[in-house]
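Here is how the chains run, residue by residue.
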Amino acid sequence: MNQWLAALPDTRHQPFIEYDQTFLAWWGLLLFCCKLGSRRQLDFDLRDPTTQVLGNVNRLAGTQQATLPVHDTLDHFLHHLGSAPLAALRTQMVRRLIRMKVLDGARLLGRVVVAIDGTGHLHFRRRHCPQCLVRQHPAYDAYLHMVEEAKLLGPGGLGLSLGTAFIENADRPSPVGRAPEAWKQDCELAAFRRLVPALRQAYPQTAVCVTSDALYACAPAVRLVEAQGWSYVFTFKAGNAPTAWAEFQAVVALCPENTLRLTLPDGTQQVYRWATGMSSDDGTGRSAYGFNALRCEETVKETTTTFVWMTNLPVTRDTVVPIAMKGGRRRWTIEAGFNVQKNSELNLEHAYSTDPELIKAYYYLLQIAHMMLQLLERGSLLRRLAQRHGKTPLALFGSLKNIARRLLEALRHHLLPDEPRPAIQIRFDTS
């Protein structure tokens, strides 16, 4: 990783900067890896000269710094670095994991599964910058920063940041004094149109299946995904295409042979029904596209839940279960990832800076750190440690928050080995 960090644009020609950029990049990553919650906590939790922190950060970065920086130094470094190099670092890390084939256990019919969805990032009660999105409430106007995020879904519940499009009025600054409904703001679908081609450019040789909610089950999104040569599994609801929905219900009733019944080891009952060669044509041809559709009715303790998806993948008796379980049902992983980033002291919704470019830089640092934490939390090393005590990693430590606390304690009190240890393999649970 240090070779990628060392390749970041050199900012040391700027006045008063004394720290190696690799050292400062690790300093920023530790802010999130240790879940400190805010930049100021770097001063309180990591700048104690009586601890092993300086030696450990030097060993992580391969540097020989004599002192630890204050939290404003990180802000100064990121101001000159910008967010784009950190986005490129994130891409290099994911490319490496794909090439190593460590995520192949979660592939769907040979394709990596990528969940795409939008989420809130920052919320202000007054205008923060011209790019703010504006949402009206009865008592006040809210000024928002949102992101459209693509997560690569790996084995064992991994959800690794693959690409990001910031939902902001960058090309159309919000006019002061005009009601939000009176002018066109940026939105999830517009960000989706920017994100998908950017992903194709960043990962040109990767076969991708996009999974997302019903918002994207529309002609523009379907055509955009298919234009990249990719597949998709989108949630299908009656409101997406009422005519196609009615046709699907009629076809599955007329084709009882397109039925698969399963009983899972825990007693869960699943009934799959599917139809192929569907069309969304509304009679005008403007929104016409072909797709296949499948339905899963799952019964757990007499409670039945119905899931329906549309896809351009071939739906047969052999593929219907993988499409549902590795494609449609796995979409929850991105929601779970957003929840962890907001509520487990990674503090996604905390403003680590008020500068719009630094907001993006800290966002990418958070995504990279979360990727590293997931590899630690879900990898075989921590799992083997927990197995020695007859527990799972979460049962051993109590929570993800406690794992980060133990990591902080280790950085403060235990010096990392001076010489690199032999290479080891980390495996992920694919069950």
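Source: prediction; values computed, not measured.

**Topic: helix H4 (residues 53–61)**
Line of reasoning, step 1. Along H4, the residues that are buried comprise Val-53, Asn-56, Val-57, Asn-58 and Ala-61.
Line of reasoning, step 2. Where H4 is buried, its residues contact helix H1 (2–6), helix H2 (21–33) and helix H15 (400–413).
Line of reasoning, step 3. Immediately downstream of H4, the backbone of Gly-62 shows phi near 70°, a positive value.

**Quick word on the layout of surface pockets**
Line of reasoning, step 1. Taken as a whole, the largest pocket encloses approximately 2600 Å³ of empty space.
Line of reasoning, step 2. Together, 49 residues line the largest pocket, and Leu-60, Leu-376, Leu-381, Ile-424 and Ile-426 are the ones closest to its centre.
Line of reasoning, step 3. Elements supplying a minimum of two residues to the lining of the largest pocket: H1, H2, H4, helix H6 (84–99), helix H12 (356–378), helix H13 (380–388) and H15.
Line of reasoning, step 4. With 6 residues, the top contributor of residues to the lining of the largest pocket is H15.
Line of reasoning, step 5. Partitioned by chemical class, the residues of the lining of the largest pocket number 32 nonpolar, 8 polar and 9 charged.
Line of reasoning, step 6. As for the second largest pocket, its lining consists of 22 residues, and the residues nearest its centre are Gly-156, Glu-377, Arg-378, Leu-394 and Leu-400.
Line of reasoning, step 7. Among the secondary structure elements, those contributing two or more residues to the lining of the second largest pocket are helix H11 (332–343), H12, helix H14 (393–397) and H15.
Line of reasoning, step 8. When its residues are assigned to classes, the lining of the second largest pocket shows 7 nonpolar, 10 polar and 5 charged.

**Section: the packing of H2 against helix H5 (residues 71–81)**
Line of reasoning, step 1. One can describe the packing of H2 onto H5 by two numbers: an axis separation of 10 Å at closest approach and a directional angle of 115°. H2 and H5 meet at a crossing whose hand is left-handed. When H2 is examined against H5, the residues Gln-21, Leu-24, Ala-25, Trp-27, Gly-28 and Leu-31 are found in contact with a partner set consisting of Thr-73, Leu-74 and Phe-77.

**Quick notes on H12**
Line of reasoning, step 1. Between its terminal C-alpha atoms H12 stretches 33 Å, which fits the 33 Å expected from 23 residues at 1.5 Å a residue.
Line of reasoning, step 2. When you tally the buried positions in H12, you get 17 out of 23 residues, the bulk of the element.
Line of reasoning, step 3. The backbone nitrogen of Glu-357 has a side-chain oxygen 2.9 Å away, supplied by the residue at the start of H12, namely Asp-355.

Parameters and conventions
- Numbers given to residues run from 1 along each chain, matching the order in which its sequence is written.
- Two thresholds apply to this predicted model, a pLDDT of at least 70 for residue-level local features and 80 or more for giving and counting side-chain atom pairs, whereas whole-chain, interface and lining totals are computed over all residues.
- Hydrogens and water are ignored here; the side-chain numbers use all heavy atoms of the structure.
- Only protein chains enter the accessibility calculation, which uses a 1.4 Å probe; a residue whose area is less than 20% of its type maximum is buried, one above 50% is exposed, and one in between is partly exposed.
- The way it works is that DSSP assigns letters per residue, a run of H or I at least four long becomes a helix, a run of E at least two long becomes a strand, and they are numbered from the N terminus.
- Here, residues are in contact when the closest pair of their heavy atoms is within 4.5 Å.
- Cavity: a set of points on a 1 Å grid over the protein atoms alone where a 1.4 Å probe fits but cannot get out. Pocket: an open set with protein on both sides within 12 Å along at least five of seven lines, its lining residues, like those of a cavity, having an atom within 4 Å of a point.
- Grid points are joined across faces, edges and corners, and a volume is the space filled by probe spheres set on the points.
- Throughout this entry, Asp, Glu, Lys and Arg are counted as charged residues, while Ala, Val, Leu, Ile, Met, Phe, Trp, Tyr, Cys and Pro are counted as nonpolar. The remaining residues, Gly among them, count as polar.
- Under this scheme, a helix contributes an axis fitted over its contacting stretch, all axes are lines through C-alpha atoms, and angles between N-to-C directions fall in the 0 to 180 degree range.
- Here a crossing is called left-handed whenever its near helix is offset anticlockwise from the far helix by less than a right angle, and right-handed whenever the offset is clockwise.
- For a helix, the expected span equals 1.5 Å multiplied by the number of residues minus one.
- We call two N or O atoms a polar contact when they sit within 3.5 Å, provided that within protein one can donate a hydrogen and the other can accept it, with sequence-adjacent residues counted only if both atoms are side-chain atoms.

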